[in-house]
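The primary structure of each chain is shown beneath.
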Amino acid sequence: FYFHPLSSYMACHITVGLIIILISLFQSKAASSTLFGNNIENISPYSLRHHHRGGDIYDSTSIDTTMTPEKERICIIGSGNWGSAIATVLGRNAARLPFCHDEVRMWVFEETVTLPADNTSAKLSEVINTRHENIKYLPGVKLPSNVRAVPDLKDACKDATLLIFVLPHQFLP
């Protein structure tokens, strides 16, 4: 079995592109009403999950709401410029959407960075969590306060229901 190295590279970029397109589409009510018709007010997280499982998005009679669905827990695996950019969008959306937990975890490869203000060294995860900025890979862009940098991959992914991989292709297994 031969695995072409560009296939993982292309798959990663296609996945990232699709995520960005989906996020952009669902941010505006106009785009959502284009996708789902004029009944956008009748769509809830329950009906979206029901539709995802093959049901009718507008038929709420067959939706079992006796159990409250678990809120999505988002984890971004990667903290480079793409990971930080997506964390900015997802952090804002998670804070406003009722079916997402507010906190968005971002796995950070722990490294020591030099702070530009006083030339002292600090861990990148600590800088992101205190200054809400990735000063190494996306300087000048503020991350939402609900984005939390986690240097341990296992801790970052714990209880996550939505994993977003934003790693350079050479680091994928």
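Just so you know, these numbers come straight off a predicted model, no measurement behind them. (Residues numbered from 1 in each chain as written. Predicted model: local features only at pLDDT ≥ 70, side-chain atom pairs only at ≥ 80, totals over all residues. Heavy atoms only, no water.)

Please explain the pattern of salt bridges as it appears in this structure.
As a working rule, side chains carrying opposite charge can pair if their charged atoms are close by. Applying the stated criterion across every chain, the model contains four salt bridges. Arg105 is paired through a salt bridge with Glu103; the nearest N and O atoms lie 3.2 Å apart. Residue classification places Arg105 among the buried positions, given a relative accessible area of 9%. Lys136 serves as the salt-bridge partner of Glu111, at 2.5 Å between the closest nitrogen and oxygen. Taken as a pair, Glu111 in the loop between β2 (100-107) and β3 (112-114) and Lys136 in the loop between β5 (133-134) and β6 (138-142) lie far apart in primary sequence, 25 residues in all. By relative accessible area, which is 41% here, Lys136 ends up partly exposed. Taken together, the shared-partner salt bridges in this structure form one network comprising Glu103, Arg105 and Arg148. (Salt bridge = Lys/Arg side-chain N within 4 Å of Asp/Glu carboxyl O. Buried < 20%, exposed > 50% of the residue type's maximum accessible area, 1.4 Å probe, protein only. Helix = DSSP H or I, 4+ residues; strand = E, 2+ residues; numbered from the N terminus.)

Mind showing me how you'd approach the side chain of Glu133 here?
Mapping Glu133 onto the fold places it in strand β5. A relative accessible area of 14% places Glu133 in the buried class. Of note is the side chain of Glu133, whose polar atom sits 2.5 Å from the backbone nitrogen of Gly140. Aside from chain neighbours lying at most four places away, what touches Glu133 is Val127, Ile128, Leu138, Pro139, Gly140, Val141, Lys142 and Leu143. (Polar contact = N/O pair within 3.5 Å; in protein donor to acceptor, adjacent residues only side chain to side chain. Contact = heavy atoms within 4.5 Å.)

It is not clear to me how the nonpolar core should be interpreted in this structure. Could you clarify?
Grouped together as the largest cluster of nonpolar side chains are 22 residues, with contacts concentrated most on Ile74, Ile76, Met106 and Ile128. Of all the elements in the fold, those that place two or more residues in this core are β1 (72-77), α4 (81-96), β2, α5 (124-131) and β7 (147-150). Take this core: its biggest share by element is four residues, from α4. Formed by six residues, the second largest nonpolar core is a distinct cluster that contains Cys75, Ile77, Val150 and Leu167. (Core = buried A, V, L, I, M, F, W, Y, C linked by side-chain atoms within 4.5 Å.)

So what exactly am I meant to see when it comes to the sheet that holds strand β8 (residues 162-165) here?
Strand pairing in a sheet is mediated by backbone hydrogen bonds. Such pairs are either parallel or antiparallel. Taken in spatial order, the four strands make up an open sheet running β7-β2-β1-β8, and their pairing is parallel. In this open sheet, the two strands that pair with only one neighbour each are β7 and β8. Looking at each pair of strands side by side, their axes are set apart by 25° on average, direction ignored. In this structure, β1 lies alongside β2, joined through five bridges in parallel fashion. The residue bridging Ile76 from the neighbouring strand is Met106, located in β2. Each of β1, β2, β7 and β8 is contacted by α4, which is oriented at about 165° to β2, the strand it contacts most. Relative to the sheet, α5 contacts β2 and β7, its axis offset from that of β7 by approximately 165°. (Pairing = 2+ DSSP bridges. Axes fitted to C-alpha atoms, helices over the stretch in contact; angles between N-to-C directions.)

Would you explain α5 in this entry?
Those residues of α5 lying buried are Leu124, Ser125, Val127 and Ile128. Seen from one end, α5 has its buried residues packed into an arc of 165°, which puts them on one side. On its buried face, α5 is in contact with β2, β3, β4 (121-123), β5 and β7. Where α5 ends, the next residue or the one after it, His132, has phi of about 55°, a positive value. (Arc of directions from axis to C-beta.)

How should I be thinking about the state of the cysteines in this particular structure?
Put plainly, two cysteines are in a disulfide when a covalent bond ties their sulfur atoms together. Tallied over the full model, the rule gives zero disulfides. Its sulfur unpaired, Cys75 is 4.0 Å from the next cysteine sulfur, which belongs to Cys157. (Disulfide = S-S within 2.5 Å.)

In this structure, what is going on with empty space enclosed by the protein? I would like to understand it.
Which parts of space are left empty comes out when a probe the size of a water molecule is rolled across the atoms. Within the structure shown, the criterion is met by one cavity of 30 Å³ or more. Of the volumes computed, that of the largest cavity is approximately 40 Å³. Taken together, Arg73, Ile74, His101, Glu103 and Arg105 make up the full set of residues lining the largest cavity. Taken together, the elements giving at least two residues each to the lining of the largest cavity come down to β1 and β2. Residue composition of the lining of the largest cavity, by class: one nonpolar, one polar and three charged. (1 Å grid on protein atoms, 1.4 Å probe; cavity = no way out; pocket = protein on both sides within 12 Å on 5 of 7 lines; lining within 4 Å. Points joined across faces, edges and corners; volume = space filled by probe spheres on them. Nonpolar A, V, L, I, M, F, W, Y, C, P; charged D, E, K, R; others polar.)

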